[in-house]
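# Analysis of the macromolecular model
Residues per chain are reported as follows:
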Amino acid sequence: MVHNAPAAAQSGHLIELVDVHKSYNIGLPSEAEVLHGLSLSIDRGEFVALIGPSGSGKSTLLNIVGLLERMTTGSYRINGTAVASLDDRALTMLRRDTLGFVFQFHHLLPAFTALENVTMPGLIREGRVSRQQLERARELLATVGLSDAMDKRPSELSGGMQQRVAIARALVFDPPVVLADEPTGNLDTASSDEVFQELRRMHRERSTSFVIVTHDPRLAARCDRVVELVDGAIARDEPVAGSLPGQGASWTGSGGPPARP
Amino acid sequence: MTAWLGFETRVAVRFLREGRLQTVLIMVGVAAGVAVIAYISALVTGLQNNTFNKTLGGQPHVTLQSRDDVVTPAWRKEPGAVVFSDVQAKAQRLRSVSNWQSLLPLLEQWPGVAAVSPIVAGGGLAIRGEATQSIALSGVDLDRYDRVVKLREKVVAGTARLEPGEGIIGIELASDLGLRPGDRLLVRTGTVGETVRVTALVDLGVRELNRRTVIVPLRLAQSLLGLPGGATSLDLALSDVWAAKDMATDMRRQFPYKIESWQETNAQLVSALNAQSVSTGLIRAIVLVVVVLGIASVLVVSVVQKRREIGILRAMGATRGQMVRVFLVQGGIVGAAGSVLGLGLALLMIFLFTAFVRGADGQPLFVITLPASLALQVALVASVCGVLAAIAPARRAAAMDPAQAIRI
């Protein structure tokens, strides 16, 4: 093991996973370990691509980082909080306050309009949508170019538009981390570009960290850092050539100590 | 300031609106159940009130009489003493309640007693020309008696009045003897006879009573039955009919008389009414169970269909508790909306019953109403059941792993 827990606690990374294992169907004949002692740190403001062949465990990793799934063993801190011992409610609250999600394009709430989808996080928190929240949601939707589509249902929007709604929704409470799972999957090249540019623009305008799972190498090449997963372990973790260095990026694979700039 | 159930209600309503056909079907199901429950309850209440009024309308709630004469056995069975094993029961002669005049004010002050009426009752014959009918003769003080059995409300011809020499008779007896108000008849008891002028005909609701009843002033009956100054029983009306049984028990402890409540006099009616209430309760319970299962099954399907939405909401920070409540609120809404529909349906059914189901005389058989309290109670129960029905589906929704839900 490379890191020890106290060192990790003091390192101040936004996301810090140490020796994380994840198994499914524990105790059954079909038991399978998907992540084999993975360690990864991500700092504030990074724009990270998570790539790898299907079955490599990248979705599982994203779910663990997103507090949607629990790791089997290991330690994980996000925004200074160790999550291993938290109960479901505390996890939910932490997720609420630190994470925004952009899933694949059919993951808006179909029963709600674009605007309602964006105000939903506020409704969840406060049981009502305040004027401020409404203003903020309108502003965000305008920013992503959807001023005219606010009152449309997801089914009335194109895939690219739906993803832009999802981006607005993820950012409505300005979380420190946004996780995107194949945000451009199932989109044509033009829409795909559009959505990705939106993500990059949002990243430029705030200090939010983005972690993007993709199997599109073209997209990965336009991120600042690429983490490649193969068979549940990190096979490659490097800055993308040509991306701006010193953006607060630091990377640690399972093979070496964190290189602090 | 967080709005109570704001998120839950908004999402629940939207989910219900999205599942249009499902929602309509389940609401109609609930409505049908509520309608059956409300209608059956109203029907049976109407039926019971009808039976009750017809039977009990002409009866006092509690009667007080002298104890029956009994042959007193030997006080102590000494060894060797002769014991009569077969004793002829005594014939019950007509006797007055002893000291009824001083008992009257005591009973009137008894808590819960609304009215007390002394009565002299005995058998006799009504004779008019060639026709003779055996009758049950009652001597009463009209005002007191009216307060006990509401006699004045039962008058169908003439005006109730009991001056000396006047009488009120049942309608069947009137037609048997060809009597109208103002006519005279001869009332005989044993060897004594007296002419009585009919002032009113009454319908007591029971054919046999209508054929036998002759009501005359107290003094007249006293002289006809040979009980000067006497009263064979004291009839009581209570402010709460159902308190009769307990009150009779209390009074028996205090007074040395034969005291009976209407429940004891009409044991068969009481058990019939009870059986009816139990069956109604059973039907209501079964319908309720069916409604609950219906709501539950539709919501279970809805939870499965809404897996992805549940996952997305959870990812956005909705707690398990919030997801549970989204589905509980759905159950409650379905129950409440179904109740409103169902109560409307019940009112329609009651209207149809009243309009089309009529007795031989063309009048409605009996009055059915849906009291507001009953409607409210049914609606409340249905809504609570809706929430209860949603518990299992809601727990299922909450137990879903958000990641699993999203992957689908």
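Note that the structure is a prediction, hence the values are computed from the model and not measured. (Residues numbered from 1 in each chain as written. Chains lettered and ligands numbered in written order. Predicted model: local features only at pLDDT ≥ 70, side-chain atom pairs only at ≥ 80, totals over all residues.)

## A short note on the overall build of chain B
Within chain B, the regular secondary structure consists of 15 helices and ten strands. The C-alpha atoms of chain B give 32 Å as radius of gyration, which overshoots the globular expectation for 408 residues (22 Å, by more than 25%). Referenced to the eigenvectors of the C-alpha coordinate spread, the extents of chain B come out at roughly 105 × 65 × 45 Å. (Helix = DSSP H or I, 4+ residues; strand = E, 2+ residues; numbered from the N terminus. Rg over C-alpha atoms; globule rule 2.2 N^0.38 Å.)

## Observations regarding the overall build of chain A
Tallying secondary structure elements over chain A gives eight helices and ten strands in all. Once local pairs closer than 6 in sequence are excluded, the contacts in chain A between residues at least 24 apart make up 66%. (Contact = placed C-beta atoms within 7 Å.)

## A word on the domain arrangement of chain B
By domain assignment, chain B separates into domain 1 (6-55 + 270-407) and domain 2 (64-69 + 93-263). Between the C-alpha centres of domain 1 of chain B and domain 2 of chain B there is a distance of 51 Å. (Domains from an automatic or database assignment.)

## Thoughts on the pairing of strand β7 (residues 192-202) of chain B
All names here are of chain B. Here strand β4 (residues 155-158) pairs with β7 via three bridges, running antiparallel. By the bridge assignment, A157 is partnered in β7 with L201. Judged from the five bridges that link them, strand β5 (residues 166-170) and β7 form a sheet pairing that is parallel. Residue E166 lies in a different strand from β7, and its bridge partner there is R197. Strand direction decides the pairing type here: strand β6 (residues 184-189) and β7, joined by six bridges, are antiparallel. When the bridges of β7 are listed, R188 appears paired with G193. Linking β6 back to β7 in an antiparallel pair, the connection comprises two residues, with G190 at a positive phi of about 60°. (Pairing = 2+ DSSP bridges.)

## Comments concerning the sheet that holds strand β3 (residues 47-51) of chain A
All names here are of chain A. Spatially, the six strands line up as an open sheet ordered β6-β7-β8-β3-β9-β10, and their pairing is mixed. Either end of the sheet is taken by a strand with one partner, and the two such strands are β6 (99-102) and β10 (233-239). Ignoring strand direction, the axes of neighbouring strands in this sheet form an average angle of 20°. Along the sheet face, helix α2 (residues 58-65) touches β3, β7 (177-181), β8 (209-213) and β9 (225-230) and points at about 150° away from the line of β8. (Axes fitted to C-alpha atoms, helices over the stretch in contact; angles between N-to-C directions.)

## Remarks on the nonpolar core
Formed by 128 residues in total, the largest nonpolar core has its most connected members in V48, L50 and V211 of chain A together with A38 and I295 of chain B. Ignoring sequence-local partners within four residues, the contact set of L50 of chain A consists of K58, L61, L62, V211, I212, V213, V227 and L229 of chain A. (Core = buried A, V, L, I, M, F, W, Y, C linked by C-beta atoms within 7 Å. Buried ≥ 20, exposed ≤ 12 C-beta atoms within 10 Å, placed from the backbone.)

## Quick notes on unusual backbone geometry
Residues and elements named next belong to chain B. The backbone phi angle of N99 is positive, close to 60°, even though this residue is not glycine. Of note, N99 is situated in the loop between β1 (62-65) and α3 (100-108). Residue N99 is classed as exposed on the basis of its 9 C-beta neighbours within 10 Å. Unusually for a residue other than glycine, K150 sits at a positive phi of about 55°. Here K150 lies in the loop between α4 (142-149) and β4. Given 13 C-beta atoms within a 10 Å radius, K150 is considered partly exposed.

## Focus: the interface of chain B and chain A
With 25 residues of chain B at the interface, the matching set in chain A holds 22 residues. Those elements that provide at least two residues to the side of chain B that touches chain A are α1 (6-18), α11 (307-315), α12 (320-356) and α15 (402-407) of chain B. Looking at the side of chain B that touches chain A, the element that brings in the most residues is α1 of chain B, giving six residues. Of the residues assigned to the side of chain B that touches chain A, the class counts are 13 nonpolar, five polar and seven charged. (Nonpolar A, V, L, I, M, F, W, Y, C, P; charged D, E, K, R; others polar.)

## Side note on the environment of R197 of chain B
Residues and elements named next belong to chain B. Residue placement: R197 occurs in strand β7. Counting along the chain gives 30 residues from R197 to G167, while the straight-line C-alpha distance between them is 5.9 Å. Non-local contacts of R197, meaning those with residues more than four positions away in its chain, are made with G165, E166, G167, G182 and R184.

## Regarding helix α6 (residues 159-171) of chain A
All names here are of chain A. The end-to-end C-alpha separation of α6 is 19 Å, in line with the 18 Å expected for 13 residues at 1.5 Å each. Among all positions of α6, only G160, M161, Q162, Q163, R164, V165, A166, I167, A168, R169, A170 and L171 are buried. Elements that come into contact with the buried residues of α6 comprise β6, α4 (114-126), α5 (131-143), β7 and α7 (189-205). (Expected span 1.5 Å × (residues − 1).)

## A look at the sheet that holds strand β5 (residues 81-82) of chain A
Ordered by their spatial adjacency, four strands build an open sheet running β2-β1-β4-β5 (chain A), and the pairing between neighbours is antiparallel. The sheet is open, and its two borders are formed by β2 (32-42) and β5 of chain A, each paired with just one other strand.

## Looking at the confidence of the model for chain A
Residue and element names in this part refer to chain A. Counting all residues, the mean pLDDT for chain A is 84, and 88% of those residues have values of 70 or more. In this model residues 1-10 is a low-confidence stretch, pLDDT under 50, and it forms 13 contacts with partners more than four residues away in sequence or in other chains. Contacts of residues 245-261 to residues separated by more than four positions or lying in other chains number 37 contacts, the stretch itself having pLDDT below 50. (pLDDT = per-residue confidence, 0-100.)

## Quick notes on helix α14 (residues 391-399) of chain B
Three- or four-residue spacings in an α-helix give side chains the same orientation, since the helix completes a turn every 3.6 residues. Residues and elements named next belong to chain B. For α14, the full list of buried residues reads P393, A394, A397 and A398. The buried side chains of α14 occupy one side of the element, clustering within an arc of 135° when seen end-on. For α14, the elements touching its buried residues are α10 (267-305), α11 and α12. (Arc of directions from axis to C-beta.)

## Here's the deal with the pairing of strand β3 (residues 131-140) of chain B
All names here are of chain B. Pairing analysis gives ten bridges linking strand β2 (residues 113-128) to β3, with the strands arranged antiparallel. Its bridge partner lying in β3, I119 is registered against V140. Between β2 and β3, which pair antiparallel one after the other, the connecting turn spans two residues, and G129 there sits at a positive phi close to 60°. In terms of strand pairing, β3 meets strand β8 (residues 213-217) through five bridges, oriented parallel. Each residue of the ladder has a partner; that of A136, found in β8, is T213.

## Comments concerning the packing of α10 of chain B against α14 of chain B
Residues and elements named next belong to chain B. Following both chains from N to C, one finds α10 and α14 inclined at 15°, their axes separated by 8 Å at the closest point. With respect to α14, the axis of α10 lies roughly parallel. Relative to α14, α10 is oriented so that their crossing is right-handed. Across the interface between the two elements, A296, L299, V300 and V303 of α10 pack against A392, P393, R396 and A397 of α14. (Parallel < 35°, antiparallel > 145°, perpendicular 65-115°, else oblique. Left-handed = near helix turned anticlockwise from the far one by under 90°.)

## Describing the environment of L47 of chain B
Residue and element names in this part refer to chain B. Looking at the secondary structure, you find L47 in helix α2 (residues 20-56). Look at L47 and you get partly exposed, because 16 C-beta atoms sit within 10 Å. Residues L47 and L365 lie 318 residues apart in sequence; the distance between their C-alpha atoms is 8.9 Å.

## Quick look at the environment of S383 of chain B
Within the fold, S383 of chain B resides in helix α13 (residues 372-389). Classification of S383 of chain B as buried rests on a count of 22 C-beta atoms within 10 Å.

## Side note on the packing of α2 of chain B against α10 of chain B
A pair of packed helices is characterised by two quantities: the angle between their axes and the separation of those axes. Residues and elements named next belong to chain B. Packing of α2 against α10 leaves a shortest axis separation of 10 Å and a crossing angle of 175°. With respect to each other, α2 and α10 are oriented roughly antiparallel. Here the residues of the contact of α2 with α10 are counted per class, giving 14 nonpolar, ten polar and one charged.

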